[in-house]
Number of protein chains: 4
Amino acid sequence: MPEPISGKTVALHNNRESCWIIVHGKVYDVTEFLDEHPGGSKIILKYAGKDATQEYEPIHPPDAITTNLPPEKHLGPVEPDTAEKVVVEITDEEKARQERISNRPPLDEILNLHDFENIAKQVLPEKAWAYYSSAADDEITHRENHAAYHRIWFRPRILRDVTKVDWSTTILGQKSSMPVYISATALGKLGHPDGEINLTRAAAKQGVIQMIPTLASCSFDEIVDAAQPGQVQFFQLYVNRDRAITKKLVQHAESRGVKGLFITVDAPQLGRREKDMRMKFEDADPSVVSSSGSQGVDRSQGAARAISSFIDTALKWDDLKWFKSITKMPLILKGVQCWEDALQAYDFGVAGVVLSNHGGRQLDFARSGIEVLVEVVANLKEKRGLEFPNDKFQLFVDGGVRRATDVIKAVALGATAVGVGRPFLYAFSAYGSEGVEKALQILHDEFEMNMRLLGAPTLKDIVPAMVDASNLQSHIVAVPGDSLYNNNYEGMKYAKLKESKAKL
Amino acid sequence: MPEPISGKTVALHNNRESCWIIVHGKVYDVTEFLDEHPGGSKIILKYAGKDATQEYEPIHPPDAITTNLPPEKHLGPVEPDTAEKVVVEITDEEKARQERISNRPPLDEILNLHDFENIAKQVLPEKAWAYYSSAADDEITHRENHAAYHRIWFRPRILRDVTKVDWSTTILGQKSSMPVYISATALGKLGHPDGEINLTRAAAKQGVIQMIPTLASCSFDEIVDAAQPGQVQFFQLYVNRDRAITKKLVQHAESRGVKGLFITVDAPQLGRREKDMRMKFEDADPSVVSSSGSQGVDRSQGAARAISSFIDTALKWDDLKWFKSITKMPLILKGVQCWEDALQAYDFGVAGVVLSNHGGRQLDFARSGIEVLVEVVANLKEKRGLEFPNDKFQLFVDGGVRRATDVIKAVALGATAVGVGRPFLYAFSAYGSEGVEKALQILHDEFEMNMRLLGAPTLKDIVPAMVDASNLQSHIVAVPGDSLYNNNYEGMKYAKLKESKAKL
Amino acid sequence: MPEPISGKTVALHNNRESCWIIVHGKVYDVTEFLDEHPGGSKIILKYAGKDATQEYEPIHPPDAITTNLPPEKHLGPVEPDTAEKVVVEITDEEKARQERISNRPPLDEILNLHDFENIAKQVLPEKAWAYYSSAADDEITHRENHAAYHRIWFRPRILRDVTKVDWSTTILGQKSSMPVYISATALGKLGHPDGEINLTRAAAKQGVIQMIPTLASCSFDEIVDAAQPGQVQFFQLYVNRDRAITKKLVQHAESRGVKGLFITVDAPQLGRREKDMRMKFEDADPSVVSSSGSQGVDRSQGAARAISSFIDTALKWDDLKWFKSITKMPLILKGVQCWEDALQAYDFGVAGVVLSNHGGRQLDFARSGIEVLVEVVANLKEKRGLEFPNDKFQLFVDGGVRRATDVIKAVALGATAVGVGRPFLYAFSAYGSEGVEKALQILHDEFEMNMRLLGAPTLKDIVPAMVDASNLQSHIVAVPGDSLYNNNYEGMKYAKLKESKAKL
Amino acid sequence: MPEPISGKTVALHNNRESCWIIVHGKVYDVTEFLDEHPGGSKIILKYAGKDATQEYEPIHPPDAITTNLPPEKHLGPVEPDTAEKVVVEITDEEKARQERISNRPPLDEILNLHDFENIAKQVLPEKAWAYYSSAADDEITHRENHAAYHRIWFRPRILRDVTKVDWSTTILGQKSSMPVYISATALGKLGHPDGEINLTRAAAKQGVIQMIPTLASCSFDEIVDAAQPGQVQFFQLYVNRDRAITKKLVQHAESRGVKGLFITVDAPQLGRREKDMRMKFEDADPSVVSSSGSQGVDRSQGAARAISSFIDTALKWDDLKWFKSITKMPLILKGVQCWEDALQAYDFGVAGVVLSNHGGRQLDFARSGIEVLVEVVANLKEKRGLEFPNDKFQLFVDGGVRRATDVIKAVALGATAVGVGRPFLYAFSAYGSEGVEKALQILHDEFEMNMRLLGAPTLKDIVPAMVDASNLQSHIVAVPGDSLYNNNYEGMKYAKLKESKAKL
């Protein structure tokens, strides 16, 4: 246990060359970490030589700094009451944002999941919005995920008794009030001080299952502790190249009662998300940026590298045997993107796969999960005789879901359940736990309505013949427009009011 | 017969906790009905404790309040001349609307059905426009209904004698001057004080058949009474879970001479129409809205639930036998959406089906009627040897029709006739009965022109080979745009006038 | 020969009830013709009781009034110098238009046919622009005509000697400097005082063939007289229900040396062109419009009916025998729209067909000529063993052509030549005869360039394998947009200049 | 050696009728060249009778004037210090441009190749931007080149060891750090004073191969001299109709160590690029333009003709034998556009082909190289049993590439490497050599990321099954919009903030 360090000493290390900060009463040397900080170096330099706890706390898991900094950078405790205080100034922009927050419409006026995203866009700090909403490269896959659902159309049935409709199901043997689970998303405290716990609370009330992310802002135990007795939780795992750490995480999760382990297999490296990267530049220390040329530090991948440096790029199929040896939780591969890998996963005996492209945040032009679902179902039927939905080998999809109709389409095509991520992030960013609850309630309402209209009293009644997915694989990009012809063309006009006092 | 109630007594019940109103000289306790009122509670609260007749009359069928309120809420007559009067204030917005009404272009300038919609949008009260124009969820199906017709193209024939062209037909054995009928739509008085009677009058003049809606603003008998001798009317039925009520309605309709019973089978519950729902919020009592959170009353489905609560969610195929036992009217199922159900309907011996998705107001991503028509014709030919159009089992479609060419496409593909709803609503909302007449006259003109140009002197000459519908099933959503590439691209430019005084 | 009428007497007939006008020194009673005047009644009423020659002359063929008015309305000569003069006022709008005319860019700056249309749009009187540019119903077919060419792509060949490229051809046995002819279009004087003669002159200079329209503004003989010795002209014929008139026209054309008779078969009635119809309303006598309701005169089809009333709606295949009996000119059917009719035309022994939908001005949703070409070629090959281009039975297409590449595509697919209409109208409307010449010269330049790049030294070398037309039949209408999702999405952004003084 | 000419004498030839200029101390008579100058006549006339060296130097190869002017126009040396100086005025527009240049964001903020284009658009002189960015006709093919890649989607594999990923390859036996080469583009000094040498320097640093263009602004030897020892360069050849010149060029290139000869076969004549042509008009001498009518000099093809007049339009397959006789460099045909020609090229024994449409600058509606690749691979496999990528006969594509994912798609489909042209032009126009280096570095980053995410440790692991290119041939142009219907439709709206202080 080192000697306490005086605040005055800390205050000397207040620049790029030597940068110490105080968090929760301890002093850390973050000089070498500056360029890897996901939030950019500028925000740290603001607290160089000072106490950063107030800024740090709401957006980091308690152990973030200890995990990311090597032990030799932990310099020891600060002498109480000697550290320099930082007065947080509130910018005009921030004031306007606070006003927007207080002007949010009442939850009653939120009618669909799109509304949450719209409110979140207005009330989130820009940086948080950029982090949550960004995706890989040109964000084509990100939007395709949603667009793909629009190529699937319904073939509803009539004159069936739909007085009672039941959209509850079981996921990996666990009850869920709907064929939807809350998918893992990182850094929840960027959107709301309670972070992922917002999801835990709402999941309890609405009877759905939450998947706890490895990169949560709240610590794993905080999230598990927030659960109600009997509440089911899954765990999403980024596999560490240090398998001992992974083993500890997994076995701890199992011991805390987690019911399913979703191993992420689509992220050996985190994707380039340019909106997020641009935000870091704007926020960065201008003196640094202007002096750096092509010889300078390459900070363009700072965030991704910092977060993902521990992820094992060498994870292989054979490692699944090891996972089976360290846990009895059902194993699910998250991020399967073609039938060949789904087949291999089945042959390896895992409990299921999530057909996912990581919300469009990894490889641009990866296909949507819903599109992959069709080929997986067809090939596993042909090659292994499986029917879906299938309790022994469950198929999940995620990405782009905004309506219960989207979920119903996935179920019709063979999915057991659908993961929803960003919409719940936006819901709690806008309204906290109540927002997530409302979002789930909206989905319930939509399920009730749409299953009635589809003529399907239960999920089992939602059969493949109820959808027409024959256009799902159409990736059409139109021939570029002929601007000369098109601009010459004058559109049709309506009969006009005598005086031009048109309303619209 | 209870004692008359003094206006002063009524005036005491002027709030949310106890809300009485007077309509047509009778007192009603509507306290519990407030949140279910399709028009929102605010408008009722405005008349709490007062005489609401003046506001009530133009937009409700005479028996609306007696049907919707249980008998114990009928408190009895008011003492004459004791009730408090309400002075209706005219807002600036309403004044502007009235001015737009007086500035409508003369009917001669209306050239197509789109014109009516455009005028209606400008002269309708916002709430009425929202109710009429809204559709389910993201309104994809609503617009697809129209778009689908644009995927069907003509193969016209030449050098045929088209001096005389005849587009008259028979529908369920009844003469119609064109293969179009006026489909059932609810709440006509929102658009015009004469409500559905506008349609009755115009139908008589132009020789088409009106389908009377269950949810008309005018009472059934008012509409039948408005018909000319010999004028044919059909009846659209929402089946009540109390079959005695349904039986009474049906047998009354038959006794009044109705020639066809269209049983709605696509609406066990009325759809979520968010434009309509948002209108109610804006109009709602602000004090209530702001105090309600997620624990508050869920009023988001008020309108749909209030209107549709009587509809039987358990209606089944076997019930058709009962219908045959209570009426000799031809039975038609309205809202069939796949060939399997059309086949079943045929096997059950009904007179026809309407291939319809309820104008896009029920299940979003239901396919257009015109698309379903193609699979129905193909499968009923293959499995039952039927040819279409077929007098024994008639196929109708509705939704999205704006031009005679749309109707002609449906006829070419096997439909007997096409239902048109909103365009006639918009026509009378803009110009009353004369508007509907003009709309029908425009269709007549278009039929004459287009049948000549198609080389088809009669409807029988409009054969399948006259259309190319091979792209009808293409539900294409383009790959999302590459905004960086596209924004970098500069469009082509024209040679420029020497001075930039361009007209356009 | 009636007595001359005094100008004072004429001046008494100066209103709707009795309207006389003077043209070229003769008095006409046009009272009953007012509502049928293609240009609207207002412009005639302006000259009621007065001498209209100055206004009449530039936009009518000399015999227009004598042809359209029955003999009993020809009242006789006016007494010289007694008629009231009309001073033509120049409006501000007209002054601005004249200024735009004088600001036209020099012809050298015109780089393509689109440029002419753009200039014409700015310098034409609104009414003329509306008449020329309008098309049927929603103008879908009009634009599809152009769009269809964009679905055809080239497969160019390399390493061929293209030092000399030759795009001359023969059309119906007549030499043409390119596989393009000037198609018939009506009312040329609306755009330029010399009307169709602009085309005659330019055609002579550039060695192309002009098709003379029945509804020209210049008289047939004026147009033929303007031709150079040896210049080839065709004649487009609307068949009159009075066959004696048609016989006279046809035999006169033959006697004047016309080399081909194009019988229009797609216009038993002229289409509804709403832009044109709206123009007439705006221009109409306001007192009349406001007093007319649905009972009023239906003037909405005035123009079309007035122009087309003489066209025989009963023209049949058998009539072709009669045509063969009255002329030896090659007969071509203009307006064939499916292979079945092309086959029948071949079997009837005509010299060719124009696959055309009348520039989109007749039946909306008729397919483009280029699309029909593919099915005609395939079926005539299969059923009659024909190869195309074929000298014995020539195929032409028109509609939507703007570039030599469009023409080359048609030739590759089997067309002998392509008709171009509006672009030449726009060219002379903007620059008179020189404009048309320039337009043809641009096409020549484009032919030279593109045949070189295609590796085709002559038209014979342009073979079907040089194009990929496999998407030609795709009539795609995308699934309607999801506005909530799309509006939430924020596009990608570029790196920004330090100060936001961006150029664009 | 002629006598020196006095500056005063030169000064007399200062107009259109006789125009002399001084460059590098020599006098030239450019009177007849004025209308053929690619940069327009105006800029030359500005220096008529004066010393133009300062303006000439940065944008012309040293031998440009000697090559383009016949010897008799080389009038001899000027007497030193007698020539009139020209003071170059800086326009406001130019000042603004200079300011934009100094406000460029630091290179660190450039995240993708689109950024360079965006900066270049802002900092390039308008004329340079027009020349670089323009393409043929309506620029459909130009944009299709990029769009086509968006129709190809990935099928990534998981659980493969991607710790080390290697995207290096060999091109024509030469090492390249990535499957990308710098394609030939003309007139590099328009964008940056160092012209093509920017590319040479960056290529050296990043280990890629530069293809030297025939029409470079720097001379061939300057570019070769700038290379590092061992740095590989290719040479792009426009074949001169004077084969002696071509032979000299080719053998000189070989003697200087060039490792591959890319013979351009898609440009017997340079395409019509209207943006470029319009720029010349705006820039031209106004007095000339206004006086020229259709009889005037046709200057509309000046630029293309001037640059390309030497190109042999008669180049044939047999000429390849001659090329083989004069050089041992591998021969590659650049501009092959169908499988038939690729097959012929293979049979002629060349080393490979570039499937290219010249960046969309030649024949509009030529298909994209990536689309042609698929048919070439399929047919050469079927007809010659070849597998691709193939070292003996290499396939290259160029056009439209902006992301490493584009390149990876091409490699998956059988390409050895991909040519990138404009993006590097834009990179050095914006930032000189460092810009190109950064662009290459971005591609490296993208390769690393995307190969990991695709599960492909080396280029060999990128197999056809990793892409879905089934929509590549879809050339869809949507049915034209129905403006009346679409404009009537009101989009959905979100729940609103209480006060409308929305951020966006």
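What counts, and where the lines are drawn
Residues numbered from 1 in each chain as written. Chains lettered and ligands numbered in written order. Predicted model: local features only at pLDDT ≥ 70, side-chain atom pairs only at ≥ 80, totals over all residues. Pairing = 2+ DSSP bridges. Helix = DSSP H or I, 4+ residues; strand = E, 2+ residues; numbered from the N terminus. Axes fitted to C-alpha atoms, helices over the stretch in contact; angles between N-to-C directions. Least-squares fit on C-alpha atoms with pLDDT ≥ 70 in both. Contact = placed C-beta atoms within 7 Å. Nonpolar A, V, L, I, M, F, W, Y, C, P; charged D, E, K, R; others polar. Domains from an automatic or database assignment. Buried ≥ 20, exposed ≤ 12 C-beta atoms within 10 Å, placed from the backbone.

Details of the sheet that holds strand 9 (residues 233-237) of chain D
Part 1 of the reasoning: Taken together, eight strands build a closed barrel; the order of strands is 7-8-9-10-11-12-13-14 (chain D) and the barrel is parallel. Taken over all neighbouring pairs, the strand axes of this sheet differ in orientation by 30 degrees on average, direction set aside.

Considerations on the relation of the copies chain B and chain A
Put simply, the second copy of the chain is the first one after a rotation about an axis and a shift along it.
Part 1 of the reasoning: When chain B is fitted to chain A, the residual RMSD is 0.1 Å, and the transformation amounts to a turn of 90 degrees plus an axial shift of 0.0 Å. Each copy turns onto its partner about a four-fold axis.
Part 2 of the reasoning: An asymmetric contact is evident, with only 15% of the interface residues of chain B recurring at the interface of chain A.

Considerations on the interface of chain C and chain A
Part 1 of the reasoning: Facing 23 residues of chain C, the contacting portion of chain A comprises 23 residues.
Part 2 of the reasoning: Looking at the side of chain C that touches chain A, the elements that each hand over two or more residues are helix 6 (113-123), helix 8 (140-149), helix 12 (274-283) and helix 20 (483-488) of chain C.
Part 3 of the reasoning: Ranked by residue count, the leading element in the side of chain C that touches chain A is helix 6 of chain C, at four residues.
Part 4 of the reasoning: When its residues are assigned to classes, the side of chain C that touches chain A shows five nonpolar, six polar and twelve charged.

Some words on the environment of Met451 of chain B
Residue and element names in this part refer to chain B.
Part 1 of the reasoning: Mapped onto the secondary structure, Met451 falls in helix 19 (residues 422-454).
Part 2 of the reasoning: Sequence separation between Met451 and Thr405 is 46 residues; the distance between their C-alpha atoms is 8.8 Å.
Part 3 of the reasoning: Non-local contacts of Met451, meaning those with residues more than four positions away in its chain, are made with Val162, Val165, Trp167 and Ala456.

Concerning the relation of the copies chain C and chain A
Part 1 of the reasoning: If you rotate chain C by 180 degrees and push it 0.0 Å along the axis, it lands on chain A with an RMSD of 0.1 Å. Both chain copies can therefore be described as sitting about a two-fold axis.
Part 2 of the reasoning: Same-surface contact between copies: 100% of interface residues of chain C are shared with the interface of chain A.

Some details on the interface of chain B and chain A
A common measure of how large an interface is: the accessible area buried when the components associate.
Part 1 of the reasoning: Contact with chain B, which involves 65 residues of that partner, is made by 55 residues of chain A.
Part 2 of the reasoning: Contributing elements (two or more residues each) for the side of chain B that touches chain A: helix 5 (92-102), helix 6 (113-123), helix 12 (274-283), helix 13 (286-291) and strand 11 (331-336) of chain B.
Part 3 of the reasoning: Broken down by element, the residue count for the side of chain B that touches chain A peaks at six residues, all from helix 6 of chain B.

Some remarks on the environment of Thr458 of chain C
Part 1 of the reasoning: Looking at the secondary structure, you find Thr458 of chain C in the loop between helix 19 (422-454) and strand 15 (467-468).
Part 2 of the reasoning: Remark: the alpha-carbon pair of Thr458 of chain C and Thr169 of chain C, spanning 289 residues in sequence, is separated by 9.2 Å.

Some points on the domain arrangement of chain A
Part 1 of the reasoning: What the domain assignment lists for chain A is domain 1 (7-77) and domain 2 (115-286 + 299-468).
Part 2 of the reasoning: For domain 1 of chain A versus domain 2 of chain A, the distance between C-alpha centres works out to 33 Å.

Overview of helix 6 (residues 113-123) of chain D
Part 1 of the reasoning: When you tally the buried positions in helix 6 of chain D, you get eleven out of eleven residues, the bulk of the element.
Part 2 of the reasoning: Considered for burial, the residues of helix 6 of chain D that qualify are Leu113, His114, Asp115, Phe116, Glu117, Asn118, Ile119, Ala120, Lys121, Gln122 and Val123 of chain D.
Part 3 of the reasoning: Buried residues in helix 6 of chain D make contact with helix 20 (483-488) of chain B together with helix 5 (92-102), helix 7 (126-133) and helix 19 (422-454) of chain D.

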